[in-house]
Amino acid sequence: MTPAIPPVAIVTAASRGMGAACARELARRGYRLALLARSAEVEALAAELGGVAVRGSVTDADALERVVEAARLKFGQVDAVVNNTGHPPKGDLLSLSDEEWHAGLDLLLLAVVRMARLVTPLMLTQGSGAMVNISSFAAAEPGLGTPVSSTLRSALGSFAKLYTQRYGSGGLRMNNILPGWIDTYAVAPEVVGTIPAGRPGTADEVARAAAFLLSSEASYIAGQSLLVDGGLVRAV
């Protein structure tokens, strides 16, 4: 029997935090990796995990193209993508400038759209593929403290639905993960007190959810936004 070819995943903003955790979890599950991040740490992580690294930002269309091409040249295919990003500008609702809103658009939504343009033809040729976008609980419960994130991550939920409608018949899936408060950043005690689980989540917990959604075990889950928040969001 011919052994199965290990799948290939692209992970963006992969040098630390949830992105690095996703890369490590996918490597543990047998994925070959192409990693994108701005810092040199991504090169060390790729070397550790036997993958390939590209330095650049998710807001740079050329960097996205380079990491997809690196995956194609190194491994010959792209089976999965974890679209992870940094954090958009914060500020008072009407005090944020046009430039700050446009920066958030590039970071949170267009980065996913651009990646989808690049990998969808490859995945359609293969007859399968899955993408997971690391979003935020703010998409389900908007907060005045994060107006750019709340607005544009909600739009990302719509995009995942539309992508599924357009490409689901080709064997492609896109889902979002909505993390709650995660311990990659300090979480104040008064915030922890609002979480029913009684603690922040971990990057590894987000990574395991991402790996599940990319896997064949989630083959009938598409266009969904999964809260990984310890029960934080009360909305139904």
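Scope of this entry: the structure provided in the associated data block. (Residues numbered from 1 in each chain as written. Predicted model: local features only at pLDDT ≥ 70, side-chain atom pairs only at ≥ 80, totals over all residues. Heavy atoms only, no water.)

Quick notes on the nonpolar core
Counted only if it meets this: What we call a nonpolar core is a set of buried Ala, Val, Leu, Ile, Met, Phe, Trp, Tyr and Cys residues that are connected through their side-chain atoms within 4.5 Å. Only protein chains enter the accessibility calculation, which uses a 1.4 Å probe; a residue is then buried when its area is under 20% of its type maximum, exposed when over 50%, and partly exposed in between. Put simply, DSSP H or I for four residues or longer makes a helix, DSSP E for two residues or longer makes a strand, and each gets a number counted from the N terminus.
Ranked by internal contacts, the top residues of the largest apolar core, which has 35 residues, are I10, V67, V81, M115, V119 and M131. Residue assignment for this core shows that the elements contributing at least two residues are β1 (8–12), β2 (32–37), β3 (52–55), α3 (61–75), α4 (98–126), α5 (147–167) and β6 (172–179). Counting residues per element, this core draws most heavily on α4, which supplies ten residues. Counting residues in each nonpolar core, the second largest holds 33 residues, with V11, A14, L45 and L213 among its members.

So, the sheet that holds β6
Put simply, the test is: Only strands that DSSP links by at least two bridges are regarded as paired with each other. For helices, the fitted line uses only the C-alpha atoms of the stretch in contact; every axis is such a line through C-alpha atoms, and the angle between N-to-C directions lies from 0 to 180 degrees. Residues count as neighbours in contact if any of their non-hydrogen atoms are within 4.5 Å of one another.
Spatial ordering of the open sheet is given by β3-β2-β1-β4-β5-β6-β7, a layout of seven strands whose pairing is parallel. Both edges of this open sheet fall to β3 and β7 (225–228), since each of them pairs with a single strand only. In this sheet, neighbouring strand axes are inclined to one another by 15° on average, regardless of whether the strands run parallel or antiparallel. In the sheet, β6 pairs with β7 via four bridges, with the strands oriented parallel. Within β7, the residue paired with I177 across the bridge is L226. Along the sheet face, helix α1 (residues 17–28) touches β1, β2, β4 (80–83), β5 (129–134) and β6 and points at about 170° away from the line of β1. Docked against the sheet, α5 engages β5, β6 and β7, running at close to 160° with respect to β6.

Some remarks on the packing of aromatic side chains
Under the convention used in this document: Within 6.5 Å between ring centres, the rings of Phe, Tyr and Trp (the latter by its six-membered ring) count as paired, and their orientation is classed by plane angle as stacked under 30 degrees, edge-to-face over 60, tilted in between.
Evaluation of the coordinates by the stated rule reveals three aromatic pairs. Between F137 and W181, the aromatic rings sit 5.6 Å apart at their centres with planes inclined by 55°, giving tilted as the arrangement. Here F137, found in the loop between β5 and α5, pairs with W181, found in the loop between β6 and α6 (189–192); they are 44 residues apart in sequence, far enough to count as distant. Classification of F137 by relative accessible area gives buried; the value is 16%. A relative accessible area of 36% means that W181 is categorised as partly exposed. Seen in terms of ring centroids, Y163 and Y167 are 4.9 Å apart; in terms of plane orientation they differ by 40°. Their pairing is tilted. Residue Y163 and its partner Y167 are both found in helix α5; the two are separated by four residues, about one turn of the helix. Residue Y163 is classed as buried on the basis of its relative accessible area of 3%. Feature note: the residues F159, Y163 and Y167 constitute an aromatic cluster, connected by ring pairs.

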